[in-house]
Amino acid sequence: MTKPRTLAQLKPGEQGEICCFKDDKLALKLLDMGCLPGTRVEMKFHAPLGDPICFSVDGYRLCLRKEEASSVSLVE
Amino acid sequence: MSKDRSLTIALIGNPNSGKTSLFNQLTGLHQKIGNFPGVTVDKKTGMMPVTGHPAAKIIDLPGTYSLYAKSKDEDVVTDVLINPAVKDSPDLLVVIVDVSNLKRNLLLFTQVKDLGYPTILVLNMGDLATRMGKGVDLQMLEKELGVQVLTINARTGDGISALKNTLLRSQTTNHQEFLDIREIVGEKVREQMNGHHLIRPYLALHSLLRRNAIDKDTAQSLEARETTLRYRKISKLVTDVEHNQPQKGLKIYTDRIDKILTHQIFGYIIFLGILFTIFQSIFAWATVPMNFIDHWIAQTSGWLGLVLPPGVFTDLLKDGIVPGVGGVVIFIPQIAILFAFIAILEESGYMARVVFLMDKIMRGVGLSGRSVVPLISGVACAIPAIMATRNIEHWKERLITIFVTPLISCSARLPVYTILIALVIPQRELLGIINLQGLVLLSLYLVGFFAAIGSAYLLKRIMHSSERSFLIMELPTYKMPRWKNVGIVILEKVKAFSFTAGKIIIAISIVLWVLSSYGPGEKIKHAEEYVRTTTSTLDLSKKEIDDRISSYKLEHSYAATLGHIIEPVIAPLGFNWKIGIALVTSFAAREVFVGTMATLYSIESSADNTTTIMSRMKDEKNPRTGKSFYTIPMGLSLMIFYAFAMQCMSTLAVVHRETKSWKWPFLQTIYMSGLAYLASFLVFRLFS
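Residues numbered from 1 in each chain as written. Chains lettered and ligands numbered in written order. Predicted model: local features only at pLDDT ≥ 70, side-chain atom pairs only at ≥ 80, totals over all residues.

Participant: Summarise the overall build of chain B; cite the residues concerned and give the values.
Facilitator: Scanning chain B from terminus to terminus reveals 30 helices and twelve strands. Out of the 688 residues belonging to chain B, those deemed buried represent 43%. Taking the intrachain contacts of chain B between residues at least 6 apart in sequence as the baseline, contacts between residues at least 24 apart amount to 71%. (Helix = DSSP H or I, 4+ residues; strand = E, 2+ residues; numbered from the N terminus. Buried ≥ 20, exposed ≤ 12 C-beta atoms within 10 Å, placed from the backbone. Contact = placed C-beta atoms within 7 Å.)

Okay, here's the thing in structure tokens:
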């Protein structure tokens, strides 16, 4: 079985639906920011060095470090 | 609330929700900077003047996304709301919500509301929301949430007077809870809550959490469950109250600008261009008012000498206090200009992009994207730079930034570099094109920059922090800066600097004045006599005699005694006791070096006639070798010393203010002076 994809693997313009969080601490912060399981997230662009990454969540722009983005897995 | 006490109102909201604009609208210039002891970030308070009432006190709390604080400044919010012992416990809460982002903003609102304070919800209808055609059914929202809902435009001021009236009248009772926390906490916590004699269950829960009465795992899963449930209810509510117009074209503006400003190449070019503009204006624009202030201080000082009867008090006033005040005032233009830029970048939304662009690079050395602005500002002056570290949420990263920023060569080092370079570095071209003197100057700036980066890396390695570093940051939409907000920021920073750092600078300049005006024994008293008899055969002007007198006085002052005492310590670096005096006097501020040297080499002290100072310094002979004392190794060693040493009382004062402890300024002094000593020693040995 392949590992579920994470937010960090989305390409610009690509959308995904949050499934679950791998890191409890980060999950709490992400929940505060409106990233809940079931929320649709679109990857907008990344910083020139590939990190951090900017996403569109509920109509606003959220920027996450790559490491943080890869702790969020997506619904297959 | 009793009638005789004035009303205290706290403003709460997400970052970028327009909270600061609202605070400025309500209080105008009636703001003061307050501190919470033990907490690192300031909350601001201001008075809202109202005719016919005692002025209401407004507290502007740091922006936060949730009552579950994830950083030090967010913790301030929770502390004010949960801790019953806190000073300024609010009577009324105003939660401001950005209507273009209703869902996420309402999370904080529903948490705050459930604490049970009288609460008012203010919808900030930005220009954006209006343009997007987002409509909200206010009556339905009021009914569903059980609080009064008002709309304002914090930028234009629409709806502010209606809000003010409501604030004074409002005794809004707030009984109905948005989420019944008792249903989700589970048996054990419910019992704990019941033992806690508070009417409000949600307040009881937060009190327990603050006292760490609930074990970590339970607390975490509880928080996750609560947030998820709140969002579920909010989502439903928002779908009901929001007439969602087709949202096409939404935020296209910001996306377009971002395409350019965060572009792989243009992004950095534009950032460098902005940096260059900031430097240019700090060095070019600020010199005009700075020269004016300098001149004005010298004039006042001279004028006081003429009008006041001669005596100790007059001397203290004209040579101690007035220049001391001048030393504070002279930094104001740079601080004002720098913060004007920072405020504009912040207000426009660009600052978040700087963080976005630089984060990866800075993280390698223990800093964060948010450290970039302070480090840049350090080239002008470490004082405003350290004040600009406030928006670094992560305490360790903020501390490292504060710690290394003074290593960046600030503008006060420039006069020292200039005179020493001119003195010891030959005017020669390298490879026919590179000016050797310019190269040395550039190297000094680079040495400072790399020392800062290196030290940051070192600190990253040795400092431990349980707080986790993350960058979960909203990129706000671009906005035109509000000039009123920019003006208020400038005023606030200038005020903070003048009153806090100012007091210490003035105190130190008085001490230094005493040290350099008095000395052991009778020599200083007879200075005039002595100089006059020894120079009677020479044909000197009155000016030259006066200069020799002041030089003679300084040579026999306590400052000189100190210079002689430290001479053995600094001899390995190639310095003599005269430089020792300069090191002692420039402990308060580096630029004093030039003035001290001028006095010591008895030349016109107020003149910027560097050629005279230099020719005198060149004449100084090394008693052992008989050659010029100011050799290349000695000059380089001294320059390196000034590049690294912590010689700025104002910086120490600001570090103390920002870290709320003497530990960090103390460690910083030890570290930087140690580094300076070691580097100078190595340079001196290497080049000798």
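Participant: Can you explain the overall build of chain A? Please cite residues and give values.
Facilitator: Broken down by element type, chain A carries two helices and five strands. Helices (α) and strands (β) of chain A occur, in sequence order from the N terminus, as β-α-β-β-β-α-β. The C-alpha atoms of chain A give 11 Å as radius of gyration, which agrees with the globular expectation for 76 residues (11 Å, within 12%). Projected onto its principal axes, the C-alpha positions of chain A cover 30 × 30 × 20 Å. (Rg over C-alpha atoms; globule rule 2.2 N^0.38 Å.)

Participant: Kindly report on the sheet that holds strand S4 (residues 60-64) of chain A, identifying the contributing residues and their values.
Facilitator: Here six strands make up an open sheet; going across it, the order is S5(A)-S1(A)-S2(A)-S3(A)-S4(A)-S12(B) and the pairing antiparallel. The open sheet is flanked by strand S5 (72-74) of chain A together with strand S12 (472-475) of chain B, the only strands paired with a single partner. Within this sheet the neighbouring strands show an average axis-to-axis angle of 45 degrees, counted without direction. As defined by bridge partners, strand S3 (residues 53-57) of chain A adjoins S4 of chain A across five bridges and the pair is classed as antiparallel. (Pairing = 2+ DSSP bridges. Axes fitted to C-alpha atoms, helices over the stretch in contact; angles between N-to-C directions.)

Participant: Tell me about the pairing of S4 of chain A, and please be specific about residues and values.
Facilitator: With five of five residues buried, S4 of chain A lies mostly within the body of the structure. Here S3 of chain A folds back onto S4 of chain A, and the loop between the two strands holds two residues, one of which, Asp 58 of chain A, carries a positive phi near 50 degrees. Strand direction decides the pairing type here: S4 of chain A and S12 of chain B, joined by four bridges, are antiparallel. Counterpart to Leu 64 of chain A in the pairing with S12 of chain B is Ile 472 of chain B.

Participant: Now, about the environment of Ser 516 of chain B: what can you tell me, with residues and values included?
Facilitator: All names here are of chain B. Considering the arrangement of structural elements, one finds Ser 516 in helix H21 (residues 483-517). You can call Ser 516 buried: it has 23 C-beta atoms within 10 Å. With 355 residues separating them along the chain, Ser 516 and Ser 161 place their C-alpha atoms 58 Å apart. The contacts of Ser 516, once residues within four sequence positions are left out, are Leu 554, Ser 557, Ala 559 and Thr 585.

Participant: So what's going on with the confidence of the model for chain A? Residues and values would help.
Facilitator: Mean pLDDT over chain A: 91, with 97% of residues reaching 70 or higher. Ranking the elements of chain A by mean pLDDT puts helix H1 (residues 24-32) of chain A last with 90 and S3 of chain A first with 94. (pLDDT = per-residue confidence, 0-100.)

Participant: Go over the interface of chain A and chain B, please, and point to the residues and values.
Facilitator: If you look at the interface, chain A gives 28 residues, while chain B gives 30 residues. At the level of secondary structure, the elements contributing two or more residues to the side of chain A that touches chain B comprise H1 and S4 of chain A. In terms of residue count, H1 of chain A provides more of the side of chain A that touches chain B than any other element does, nine residues in total.

Participant: Any chance you could break down the pairing of strand S1 (residues 8-13) of chain B for me, citing the residues and the numbers?
Facilitator: Residues and elements named next belong to chain B. Of all six residues in S1, five are buried; the element is thus mostly enclosed. Here S1 pairs with strand S4 (residues 56-60) via four bridges, running parallel. Residue pairing in the sheet places Thr 8 in a bridge with Lys 57 of S4. Across five bridges, the pairing between S1 and strand S5 (residues 92-98) is parallel. Paired with Ala 10 across the strands is Leu 93, a residue of S5.

Participant: Which residues make up the nonpolar core, and what values do they have?
Facilitator: Residue and element names in this part refer to chain B. Within the largest apolar cluster, 176 residues are counted, with the highest numbers of intra-cluster contacts made by Leu 11, Val 95, Val 97, Val 122 and Phe 644. Among the elements that line this core, the one with the most residues is helix H28 (residues 632-644), at nine residues. In this structure, Ile 181, Met 193, Tyr 202 and Ala 204 belong to the second largest nonpolar core, which totals eight residues. (Core = buried A, V, L, I, M, F, W, Y, C linked by C-beta atoms within 7 Å.)

Participant: Could you give an account of helix H14 (residues 332-348) of chain B, with specific residues and numbers?
Facilitator: The terminal C-alpha atoms of H14 of chain B, which comprises 17 residues, lie 24 Å apart, in line with the 24 Å expected from a rise of 1.5 Å per residue. Immediately downstream of H14 of chain B, the backbone of Gly 349 of chain B shows phi near 100 degrees, a positive value. (Expected span 1.5 Å × (residues − 1).)

Participant: Tell me about the environment of Gln 668 of chain B, and name the residues and values.
Facilitator: All names here are of chain B. Residue position: Gln 668 is located in helix H30 (residues 663-687). Judged by local crowding, Gln 668 falls into the buried class, with 21 C-beta atoms found within 10 Å. It is 6.4 Å that separates the C-alpha atoms of Gln 668 and Phe 403, two residues lying 265 residues apart in sequence. Setting aside chain neighbours within four positions, we find Gln 668 in contact with Phe 403, Pro 406, Met 646 and Val 655.

Participant: Break down helix H1 (residues 19-27) of chain B for me, with residues and values.
Facilitator: Residue and element names in this part refer to chain B. Along H1, nine of the nine residues are buried, which leaves the element largely enclosed by surrounding structure. Residues Lys 19, Thr 20, Ser 21, Leu 22, Phe 23, Asn 24, Gln 25, Leu 26 and Thr 27 constitute the buried set of H1. With its phi angle positive at about 60 degrees, Gly 28 sits one or two positions after the end of H1.

Participant: I'd like a rundown of the environment of Val 531 of chain B, residues and numbers included.
Facilitator: Residues and elements named next belong to chain B. Tracing the chain through its elements places Val 531 in helix H22 (residues 527-534). For Val 531 and Lys 19, which are 512 residues apart along the polypeptide, the C-alpha to C-alpha distance reads 66 Å. In this structure Val 531 touches Ile 545, Arg 548, Ile 549 and Tyr 552, once residues within four positions along its chain are discounted.

Participant: Any details on the confidence of the model for chain B? Residues and values, ideally.
Facilitator: Residues and elements named next belong to chain B. Averaged over chain B, the pLDDT score is 81; the fraction of residues at 70 or greater is 89%. Ranking the helices and strands of chain B by mean pLDDT puts H30 first, with 94, and strand S2 (residues 31-34) last, with 56. Predicted confidence is poor over residues 34-41, with pLDDT under 50, and the contacts of this stretch with residues over four places away or in other chains come to 20 contacts. Note that pLDDT drops below 50 for residues 602-610; the model gives that stretch 19 contacts with residues more than four away or on any other chain.

Participant: Could you give an account of unusual backbone geometry, with specific residues and numbers?
Facilitator: Between Asp 51 of chain A and the following residue, Pro 52 of chain A, the backbone shows a cis peptide bond with an omega angle of -5 degrees. Non-glycine residue Asn 16 of chain B carries a positive phi angle of around 65 degrees. Within the element layout of this structure, Asn 16 of chain B appears in the loop between S1 and H1. For Asn 16 of chain B, a count of 20 C-beta atoms within 10 Å translates into the label buried. With a phi angle near 55 degrees, Asn 212 of chain B is a residue other than glycine that sits in the positive phi range. Looking at the element boundaries, Asn 212 of chain B is found in the loop between helix H8 (201-210) and helix H9 (216-241). With 9 C-beta atoms counted inside 10 Å, the residue Asn 212 of chain B sits in the exposed group.

Participant: With reference to specific residues and values, describe the packing of helix H18 (residues 395-404) of chain B against helix H20 (residues 436-462) of chain B.
Facilitator: Residue and element names in this part refer to chain B. Here H18 crosses H20 at 145 degrees, and the two axes come no closer than 9 Å. Remark: the crossing between H18 and H20 carries right-handed chirality. Here H18 contributes Ile 400, Phe 403 and Val 404 to the contact with H20, which in turn contributes Ala 452, Ser 455, Ala 456, Leu 459 and Lys 460. (Left-handed = near helix turned anticlockwise from the far one by under 90°.)

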